[in-house]
Amino acid sequence: MQRFLLRLSVTLMTVVISVSALYAQNDTIPPTSVDPKLIEWQNARNPKEYIIADVKITGIKHLDTSIVSSIANLLPGDKFMHPGNDIFAKSIANLWRQKLFSNVQVYVTKIDGNKVWIEVNLQERPRLGNFKFEGVKKTEEEDILGKINLAKQTIITENTRREIIEKITKYFTDKAYRNVKVRIEEEKDTAFVNSNSMIIYVDKGEKVRIDNIRFYGNENVDGLRLKKQMKGTKEMSKATLHADNAPSPYGENKPFSFNQYTRDWGFLSLSKTKRLLDPYFRFKLFSGAKFDEKKYEEDKEKVLDYYNSLGYRDAQIIADTQILIGETGNLNVDLKVEEGHQYYFGNIAWKGNAKYSDSILNVVLGINKGDIYNIDILNKRLGKQLSQEGGDISGLYMDDGYLFFRVEPVETAVYNDTIDYEIRITEGPQARIKNVTIAGNEKTKDYVIRRELRTIPGELFSRADLIRSQRELANLNFFNQETINPGVVPNPDDGTVDINWTLEEKSSDQLELSAGWGGGIGLTGTLGVTFNNFSIRNIWKKSAWDPLPTGDGQKLSLRVQSNGRAYRSYSASFTEPWLGGKKRNSLTFGINSSKYSSAFDPLTGTIDRRKSDTVYLKTTGFSVALGKQLKWPDDFFSIVYTVNYTQYKRRNYGIFPGASPTGTSNNLSFKIALQRSSVFNPIFPTSGSSFLASVQFTPPYTIFNPDLVKSADPYKNPEYHKWRFNAEWYVPLGKPMGAEKNRQFVMKLAAKYGFMGRYNKKLDYSPFERFQVGDAGLTNNFGLLGYDIIAHRGYPVYQSSDPTVNPDQQSAQNFFTIFNKYQLELRFPLVTNPSSTIYALTFFEAANGWYNYKDYNPFRLRRSVGVGMRFFLPMFGLLGFDYGVGLDRIQPGQNGLKGATRFTFMLGFEPD
């Protein structure tokens, strides 16, 4: 049977442009076809109705023919007119649209009266089998797969191939590879049906780095200052040659790059030049000099912004070029600038201000006639760029209820180099707070949140109160601070404002589960839990246990530490932050009980049970603290009164100089602490400061009874007065980074002092409550002696005031009565989200301790530097790692840095 009356073979582009044009062709019948019915059908001019008798799908090996027939939309019984109907063109278009076939052909194989038999012949596209990359690293391959989403058994199309090439090229171009070549090879993959394996060859070429950045036309601004603005586009670092026998044509100690050396001498390749000069170069740093087109465009805008900040508001970059350098393939980046005139502020007039006079507004604005023109400074001082620090014109009005306040600076005159402004103000009415709603608090009670808010219905709206409320909610640590949203909704009709707080709760409870070896007793286990949003009043309600009663903002801590008979410690504390519920007056109770015995034999690793009851130190204590927020000098101040009592029972435990090995000491002390804290986000503070001044004292027993000095146990009732002063500042550096602008360098500056005094010069300083300095805040004797623990990274716990004496093991237990510590940290957040906060840091510390005021020298300090990481996980609290170098531990000619380094670990809290 002759089968060819009509053969249609089209591409997808042909179908999109004009699929019906195929039926006008005269070569759709093969020359071998002589069936008169087919020829008649082909040459028909008068439309006639036909019926599809049957449809046959051929060429399909892996797809379901019924599905393909449905896509083709050619079904037996369908009627169509020929000529004049594009039923075949539509079928071809439907099949091409699936991107499953590389070739589509439609045949009319038989005609009988008005019935036709149709065959659809298809060629399936291959699927992706195994694939691999050549010429890339494993990490690069993983990054690339994340961008192109290659998966086995997906259809291979031209778009697939094009996407692979384009995205790989872009990936490496962004990494400064400017000559990337990508080639794809395919072959049949017998491991899969109708599949091709794919090998992707990548030739990255050499990285293109920037040799020099040169500015032209900058007559008033130095090129180095302009280069500093280009944070993402930097030159290759220069190396400096030694003066001794260095083959330098530039003179002694002249900085230059390898590429400059090669270019100017001209007879050595880059690699040979490097080998020749390696012995003479002090350092060779080439990172950070890659050329990134996107960052380059951003940096050009930064250059113009810098010009604008200097008053050159007409400055522009009129030309820029990147010139390839010889065989190195590196770039010289040339930028030609046109600076224009430098402008200054002229007269500034105010219009529309009734609340405040011109003189007051001028003081707040802080811009005088003759100041260098800077539109960003003007907008910032007017408050058009919202700032949490306040101190601008908008803040002045909005803090007094003028929510509908508007301000617009208008240039009124530009003459010579001077610009006059008129500041047009629309004050509007004062707005009062109407409704305050809270949403998203599934566990925390509404009243716990409302008592932190300063946005109270009926009060005048205040932007400062809104910002302060947001900070107070964040400091609770019950909510994700990134999503705390006040939702300010103005109501212009009645002059009110609604504030709809939207919150997202996060886990704030903490679990401590750890084990350690040391302390003279071997293995010790610790289990501790802290519930930061506890509800003690619901503790007897069974329905409130889910899994614990929560929501009242109280804090409950429980901790157990033990290794059996040699050591055990129990402690518990409870805090009510709002005693009475109306004022921020906190009440804290704490109890503790510990016992440490000398029953552990480190040689045998066993416990001598006979000694555990005959040689020991046992402590039992409790404390009560009452805190109060102050209104003066401002409400960042608070004062805390504390009463502490600790009983020390010693049995054959001669650790205290001048005290009997067996006896009981009762330490009753009172403490007053005055603090001011404006720190926002205690987990990773980015701004604010904290100051603390405290005094802890006991009754002066020897003044009441001088004979106590001569008693057999003068420390039965220890007496002392201890003074502490702490100051911390957090300073943000640079501009926020990251997609959400929530990553920024922060510098922490801290100074801390401690002094212990005595009432009677005939009695030595109390052996209790001294200062332990060194290490990462770990304590000897597990804190049984009540020492203040002062961390000093890079050093073991030390007991000598001489900075050069730093043995790893201390034999005595006599700690300092005076300490000074100074700290500088540079921090950068890596992760900031509700589930975890991670930041890296580098530090410099200087500290020391002294035993008396005669030897006290605040300038004789131990110094250290190092790096560290902090991990804050809601369930486990703070984890910290530091690697410090004790600069005063370095012994020339001995172990060098190796003997001066110290790795330290902290868990649960950041020590002093």
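Residues numbered from 1 in each chain as written. Predicted model: local features only at pLDDT ≥ 70, side-chain atom pairs only at ≥ 80, totals over all residues. Heavy atoms only, no water.

## Some points on the overall build of the protein chain
So the rule is basically this: Elements are defined by DSSP. Helices are runs of H or I of four residues or more, strands are runs of E of two residues or more, and each kind is numbered from the N terminus. Accessible area is worked out with a 1.4 Å probe on protein chains only. A residue is then buried under 20% of its type maximum, exposed over 50%, and partly exposed in between. Any two residues whose heavy atoms approach within 4.5 Å are treated as being in contact. Here, Shrake-Rupley sampling with a 1.4 Å probe gives the accessible areas, and only protein chains in the shown set may cover a residue.
Secondary structure summary: the protein chain contains 16 helices and 37 strands in total. Taking all 912 residues of the protein chain together, 44% fall into the buried category. Considering only intrachain contacts with a sequence separation of at least 6, the fraction spanning at least 24 residues in the protein chain is 61%. Carbon together with sulfur atoms contributes 53% to the accessible area of the protein chain, which is approximately 46,800 Å² in total.

## A short note on the packing of helix 3 (residues 65-72) against helix 4 (residues 87-97)
Threshold: Here, axes are lines fitted to C-alpha atoms. For helices the fit covers the stretch in contact, and angles between N-to-C directions go from 0 to 180 degrees. An angle below 35 degrees is treated as roughly parallel, one above 145 as roughly antiparallel, one from 65 to 115 as roughly perpendicular, and anything else as oblique. In this count, Pro and Cys sit with the nonpolar residues alongside Ala, Val, Leu, Ile, Met, Phe, Trp and Tyr, while Asp, Glu, Lys and Arg are called charged and the others, Gly among them, polar.
Two elements in contact, helix 3 and helix 4, have axes whose closest approach is 8 Å; the angle formed by their N-to-C orientations is 125°. Judged by the angle between their axes, helix 3 and helix 4 are oblique. Across the interface between the two elements, V68, I71 and A72 from helix 3 touch S91, N94 and L95 from helix 4. Looking at the contact of helix 3 with helix 4 residue by residue, the class counts come to 4 nonpolar, 2 polar and no charged.

## Remarks on a positive patch on the surface
Stated precisely, the cut-off is as follows: Residues with no salt bridge and a relative accessible area higher than 30% make up the patches, which join like charges within 9 Å and nonpolar side chains (Val, Leu, Ile, Met, Phe, Trp, Tyr) within 5 Å. Definition used for salt bridges: Asp or Glu carboxyl oxygen within 4 Å of a side-chain nitrogen of Lys or Arg. Neither His nor the chain ends contribute to the count of charged residues, in which Lys and Arg are positive and Asp and Glu negative. Lys charges are placed at NZ, Arg charges at CZ, Asp charges at CG and Glu charges at CD.
On the surface, R225, K228, K231 and K234 cluster together into a positively charged patch. The residue R225 is located in helix 7 (residues 223-228) in this model. Taking relative accessible area as the criterion, R225 reaches 36% and is therefore assigned partly exposed.

## A look at the confidence of the model for the protein chain
Selection rule: Note on scores: pLDDT gives the predictor's confidence for each residue, bounded by 0 and 100.
When the pLDDT values of the protein chain are averaged, the result is 82; 82% of them are 70 or greater. Contacts of residues 239-287 to residues separated by more than four positions or lying in other chains number 82 contacts, the stretch itself having pLDDT below 50. Note on residues 600-605: pLDDT is under 50 here. Beyond four places in sequence and across chains, it has 8 contacts.

## Description of the sheet that holds strand 7 (residues 181-188)
Worth spelling out the cut-off: Note on pairing: DSSP must find at least two bridges between two strands before they are called paired.
Spatial strand order, 6-8-7: 3 strands in an open sheet with mixed pairing. Strands with a single pairing partner mark the edges of an open sheet, and in this sheet they are strand 6 (127-134) and strand 7. Across the sheet, the mean angle separating the axes of adjacent strands is 20° when strand polarity is ignored. For strand 7 and strand 8 (residues 195-203), the ladder comprises 8 bridges, and the chain directions are antiparallel.

## A few points about unusual backbone geometry
Cis geometry marks the peptide bond from D546 to P547, where omega comes out at -10°. In this structure, P547 sits in the loop between strand 19 (523-534) and strand 20 (554-562). In this model, W632 is joined to P633 through a cis peptide bond whose omega is 0°. By the secondary structure assignment, P633 is in the loop between strand 25 (616-629) and strand 26 (637-651). Its identity is not glycine, yet N73 carries a phi of approximately 60°, on the positive side. By the secondary structure assignment, N73 is in the loop between helix 3 and strand 3 (79-82). One non-glycine residue, N194, lies in positive phi territory at about 50°. Considering the arrangement of structural elements, one finds N194 in the loop between strand 7 and strand 8.

## Some details on the packing of aromatic side chains
Definition in use: By convention, a stacked pair of Phe, Tyr or Trp rings (six-membered ring in the case of Trp) has centres within 6.5 Å and planes under 30 degrees apart, an edge-to-face pair has planes over 60 apart, and any other such pair is tilted.
As enumerated under the stated definition, the model contains 31 aromatic pairs in all. When the centroid spacing of 4.9 Å and the interplanar angle of 80° are considered together, the rings of Y171 and F172 count as edge-to-face. Across the pair, exposure class does not vary: Y171 and F172 are buried alike. Aromatic ring contacts, followed pair by pair, group Y356, Y397, Y402 and F405 into a single cluster.

## Digging into the environment of N179
Relative to the assigned elements, N179 resides in the loop between helix 6 (158-173) and strand 7. Residues N179 and D203, spaced 24 residues apart in sequence, show a C-alpha to C-alpha distance of 8.2 Å.

## Here we look at the environment of S689
Structurally, S689 is set in strand 28 (residues 688-697). Sequence separation of S689 and R676 is 13 residues, and the distance between their C-alpha atoms is 7.9 Å. In contact with S689, not counting residues within four places along its chain, are R676, S677, S678, V679, E728 and W729.

## Side note on helix 5 (residues 138-148)
To keep things clear, this is the line we draw: Directions drawn from the helix axis to the C-beta atoms are what define this arc.
Buried within helix 5 we find E140, E141, I144 and I148. Along helix 5, the residues classed as buried sweep out an arc of 100° about the axis, all on the same side. Exposed and facing more than 90 degrees away from the buried side of helix 5 are K138, T139 and G146. Tucked into the core, helix 5 has its buried residues touching strand 6 and helix 6.

## Regarding the packing of helix 5 against helix 6
Operational definition: Handedness of a helix crossing follows the sense of rotation of the near helix relative to the far helix, less than a right angle counterclockwise being left-handed and clockwise being right-handed.
In the contact formed by helix 5 and helix 6, the axes pass within 10 Å of each other and the chain directions differ by 130°. Compared by their axis directions, helix 5 and helix 6 come out oblique. Relative to helix 6, the crossing made by helix 5 is right-handed. Touching E140, D143, I144, K147 and I148 of helix 5 are E163, I164, K167, I168, Y171 and F172, all from helix 6. For the contact of helix 5 with helix 6, the residue count by class is 6 nonpolar, no polar and 5 charged.

## Section: the pattern of salt bridges
All chains considered together, the criterion is met by 41 salt bridges. The salt bridge partner of R454 is E472, with a shortest N-O separation of 4.0 Å. Of this pair, R454 sits in the loop between helix 14 (446-450) and helix 15 (463-476) while E472 is found in helix 15, placing the two residues 18 residues apart along the sequence. Owing to a relative accessible area of 22%, R454 belongs among the partly exposed residues under this scheme. A salt bridge links D888 to R863; the shortest N-O distance between them is 3.1 Å. Of this pair, D888 sits in the loop between strand 36 (877-886) and strand 37 (901-907) while R863 sits in strand 35 (residues 862-873), and the two are 25 residues apart along the sequence. Under the relative-accessibility criterion, R863 is labelled partly exposed at 38%. When salt bridges that share partners are traced, they join R793, K821, E825, R827, E845, R870 and D882 into one network.

## Some details on the sheet that holds strand 15 (residues 432-439)
The sheet built from 3 strands is open, its strands ordered 15-17-16 with mixed pairing. Each edge of the open sheet is held by one strand with a lone partner, namely strand 15 and strand 16 (488-491). If you compare each strand with its neighbour and ignore which way they point, the axes differ by 15° on average. Note that strand 15 and strand 17 (residues 496-502) share 6 bridges and pair parallel. Note on strand 17: the bridge partner recorded for T437 is N500.

## Quick look at a nonpolar patch on the surface
On the surface, a cluster of nonpolar side chains totalling about 640 Å² of accessible area is made up of W729, V731, L733, M737, F745, L749, L824, F844 and V865. Looking at the nonpolar patch, the elements that each hand over two or more residues are strand 29 (721-737) and strand 30 (743-757). Tallying contributions element by element places strand 29 first for the nonpolar patch, with 4 residues. Within the secondary structure layout, F745 lies in strand 30.

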